[in-house]
Amino acid sequence: MPEVILEAVDLDYFYPDGTNALRNINLQVEKGEKLTILGSNGAGKSTLFMQFNGLYRPTTGCIQYQGHAISYKNKALIELRKKVGIVFQDPDSQLFSSSVYQDISFGPLNLGLSEHEVKARVKQALFDTETTDLEDKPTHLLSYGQKKRVSIAGVLAMEPEVIIFDEPTAGLDPRHAREFMQLLKKLSTEGKTIIISTHDVDLAYSWSDRLAIMSSGEIIAHGEPGELFLQPELIERADLALPWLIDMYCSLVEKGWLPPSTPLPKTKADLLMIIPLVPITIKPML
Ligand SMILES: Nc1ncnc2c1ncn2[C@@H]1O[C@H](COP(=O)(O)OP(=O)(O)O)[C@@H](O)[C@H]1O
Ligand SMILES: [Mg+2]
């Protein structure tokens, strides 16, 4: 049985203005898994994440960490945030120190670690997020993508068990988005539990072990990505689209080029392996 590390139980949340942003959320996060919360804008993804490390308190229901409902007392919250780290969507809400190095070292310093350990963690986080060149730069002079990477470094340096990334690739250029995905792979092989939110269906399909699809504050489905993406009515209800790989696969099956029993391709390389390739000769135009 996989160990459940984090869980939302019968959770409802109302913002002070009365917006019912989360409705009857029940979700188990398994230790070491790669989970994506997939949903369009306003679905409730960020609000759910704020519940996961105690920034917001459920109106009803609860969040459990390792089987125990979390406490909202200051000391308990500090302990929880050592274990559950969040990288916010907007890096400006995460960075507050004057230099990159100071910013990344802030969390580890507050953990009471030795100077040597803090330095080692910051160096590793700088390296992992390719921000080593920026360590002496004032944070307010960084570009958006650089701020985003530094905010990720700040959370990595805390070495939490569970790392939550809210729309991590939004605003990153293609190279840095790709490298970020490599970093997620590395964190995952190190045994971290990783939760991301996105509306990028290609990313959700290729990266996740499991998906939870949100719409209007509810989790309308959760399960294995391939299974969920083969339910068009579900994808439509959540205002999403099909990942290009599944779209292409469905068209090939529809045209009779692939038998319906063909396993779903997870990557472009998988797709190229299963397409019955026929060499095409193009006659030169006279
Ligand atoms: N501070 C707030 N006060 C009132 N409503 C909010 C606030 N923040 C978000 N909402 C509302 O809560 C719902 C969920 O928002 P959010 O969690 O940001 O969605 P997502 O991250 O999926 O885009 C939306 O209807 C949004 O308008
Ligand atoms: Mg959001």
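Reading the values: the criteria
- Throughout this description, residue numbers start from 1 for each chain and increase along the sequence as written.
- Each chain gets a letter, beginning with A, and each ligand a number, beginning with 1, in the order they are written.
- Under the rules for a predicted model, residues below a pLDDT of 70 receive no local features and side-chain atom pairs below 80 are neither given nor counted, while totals for whole chains, interfaces and linings still include all residues.
- Secondary structure is summarised from DSSP: a helix means a run of H or I of at least four residues, a strand means a run of E of at least two, and numbering begins at the N terminus for each.
- Three exposure classes are used. Buried residues have 20 or more other C-beta atoms within 10 Å of their own C-beta, exposed residues have 12 or fewer, and partly exposed residues fall in between, all C-beta atoms being placed from the backbone.
- For the purposes of this analysis, a nonpolar core is taken to be any set of buried Ala, Val, Leu, Ile, Met, Phe, Trp, Tyr and Cys residues that are connected through C-beta atoms within 7 Å.
- Boundary definitions for the domains trace back to an automatic or database domain assignment.
- By definition, residue pairs are in contact when their C-beta atoms, positioned from the backbone, come within 7 Å.
- Only the C-beta atom, placed from the backbone, is used; a residue is near a molecule or strand if that atom lies within 6 Å of it.
- Under this grouping Gly is polar, as are all residues other than the nonpolar Ala, Val, Leu, Ile, Met, Phe, Trp, Tyr, Cys and Pro and the charged Asp, Glu, Lys and Arg.
- Here, strands pair whenever DSSP counts at least two bridges between them.
- Structural elements are reduced to axes, namely lines fitted to C-alpha atoms, with helices fitted over the stretch in contact, and the angle between N-to-C directions of any two is expressed from 0 to 180 degrees.
- Roughly parallel covers angles under 35 degrees, roughly antiparallel covers those over 145, roughly perpendicular covers 65 to 115, and oblique covers all other angles.
- The hand of a helix crossing depends on one turn: near helix anticlockwise from the far one by less than a right angle means left-handed, and clockwise means right-handed.

Undergrad: Give a description of the overall build of the protein that names residues and reports values.
TA: Helix and strand content of the protein: 11 helices and 10 strands. A burial count over the protein gives 37% of its 286 residues as buried.

Undergrad: Tell me about the nonpolar core, and please be specific about residues and values.
TA: One finds I104, A153, I164, I195, A212 and I213 to be the most contacted residues of the largest nonpolar core, which totals 67 residues. In this structure, this core is formed jointly by two domains, domain 1 (4–98 + 159–239) and domain 2 (243–276), each of which donates at least three residues. With sequence-adjacent residues up to four places away left out, I195 is seen in contact with V29, L35, I37, V162 and I164.

Undergrad: Account for the environment of L141, with residues named and values stated.
TA: By secondary structure assignment, the location of L141 is in the loop between α4 (115–128) and α5 (144–156). Look at L141 and you get exposed, because 11 C-beta atoms sit within 10 Å.

Undergrad: How would you summarise the site of ligand 1 if you had to cite specific residues and measurements?
TA: In the vicinity of ligand 1, the contacting residues are Y15, D17, T19, A21, G39, N41, G42, A43, G44, K45, S46 and T47. By residue number, the principal contributor to the shell around ligand 1 is helix α1 (residues 45–52), which donates 3 residues. Split into classes, the residues belonging to the shell around ligand 1 amount to 3 nonpolar, 7 polar and 2 charged.

Undergrad: Provide a residue-level description of the sheet that holds strand β3 (residues 34–38), including the pertinent values.
TA: Spatial strand order, β6-β7-β8-β3-β9-β10: 6 strands in an open sheet with mixed pairing. For this open sheet the edge positions go to β6 (84–87) and β10 (218–223), each flanked by a neighbour on one side alone. Taken over all neighbouring pairs, the strand axes of this sheet differ in orientation by 15° on average, direction set aside. Across 5 bridges, the pairing between strand β9 (residues 210–215) and β10 is antiparallel. Among the inter-strand pairings, A212 is bridged to a residue of β10, identified as H222. Set on the sheet, α5 makes contact with β6 and β7 (162–166); between it and β6 the angle comes to about 175°.

Undergrad: How would you summarise the packing of helix α3 (residues 100–110) against α4 if you had to cite specific residues and measurements?
TA: Where α3 meets α4, the axes come as close as 9 Å, and the angle between the chain directions of the two elements is 130°. Compared by their axis directions, α3 and α4 come out oblique. By crossing handedness, the relation of α3 to α4 is classed as right-handed. Residues Y101, I104, S105, P108 and L109 of α3 touch α4, and the partners they reach there are V118, R121, V122, A125 and L126. Considering only residue class, the contact of α3 with α4 consists of 8 nonpolar, 1 polar and 1 charged.

Undergrad: Just give me the short version of the domain arrangement of the protein, but keep the residues and values in it.
TA: Domain annotation of the protein identifies domain 1 (4–98 + 159–239) and domain 2 (243–276). Using C-alpha coordinates to define each centre, domain 1 is positioned 30 Å away from domain 2. With 6 residues of domain 1 in contact, the opposing surface of domain 2 contributes 7 residues. The set of elements that each furnish at least two residues to the side of domain 1 that touches domain 2 consists of α7 (201–207) and α8 (225–229). Of all the elements, α7 adds the most residues to the side of domain 1 that touches domain 2, at 4 residues.

Undergrad: Give me the lowdown on the packing of α3 against α5, citing residues and values where you can.
TA: Following both chains from N to C, one finds α3 and α5 inclined at 30°, their axes separated by 7 Å at the closest point. If you check the angle between α3 and α5, you find them roughly parallel. When the axes of α3 and α5 are compared, the crossing they make is right-handed. For the pair formed by α3 and α5, the contact residues are V100, D103, I104 and G107 on the first element and V150, A153 and G154 on the second. For the contact of α3 with α5, the per-class residue count stands at 4 nonpolar, 2 polar and 1 charged.

Undergrad: If you had to explain the sheet that holds strand β1 (residues 4–14) to someone new, which residues and values would you point to?
TA: The strand order across the open sheet built from 4 strands is β2-β1-β4-β5, with neighbouring strands paired in antiparallel fashion. Here the strands that pair on one side only, and so sit at the sheet edges, are β2 (20–30) and β5 (68–69). In terms of strand pairing, β1 meets strand β4 (residues 60–65) through 5 bridges, oriented antiparallel. Considered in β4, the bridge of L6 is made with Y65. Strand contacts of α1: β1, β2 and β4, with the helix running at about 120° to β1, the strand carrying the most contacts.

Undergrad: So what's going on with the pairing of β2? Which residues, and what values?
TA: In this sheet, β2 lies alongside β1 in antiparallel orientation, the contact comprising 7 bridges. Within β2, the position partnered with Y13 by the bridge is L22. Where β1 folds back onto β2 in an antiparallel hairpin, the turn is made up of 5 residues, including G18, whose phi is positive at roughly 100°.

Undergrad: Go over unusual backbone geometry, please, and point to the residues and values.
TA: The phi angle of most residues is negative, glycine excepted, and most peptide bonds adopt the trans form. Located in the positive-phi region is E130, a residue other than glycine, with phi close to 55°. When you line up the elements, E130 lands in the loop between α4 and α5. In this model, E159 sits at a positive phi of 50°, which is unusual for a non-glycine residue. Tracing the backbone through its elements, the reader meets E159 in the loop between α5 and β7. C-beta crowding within 10 Å serves as the criterion here: with 19 such atoms nearby, E159 is assigned to the partly exposed category.

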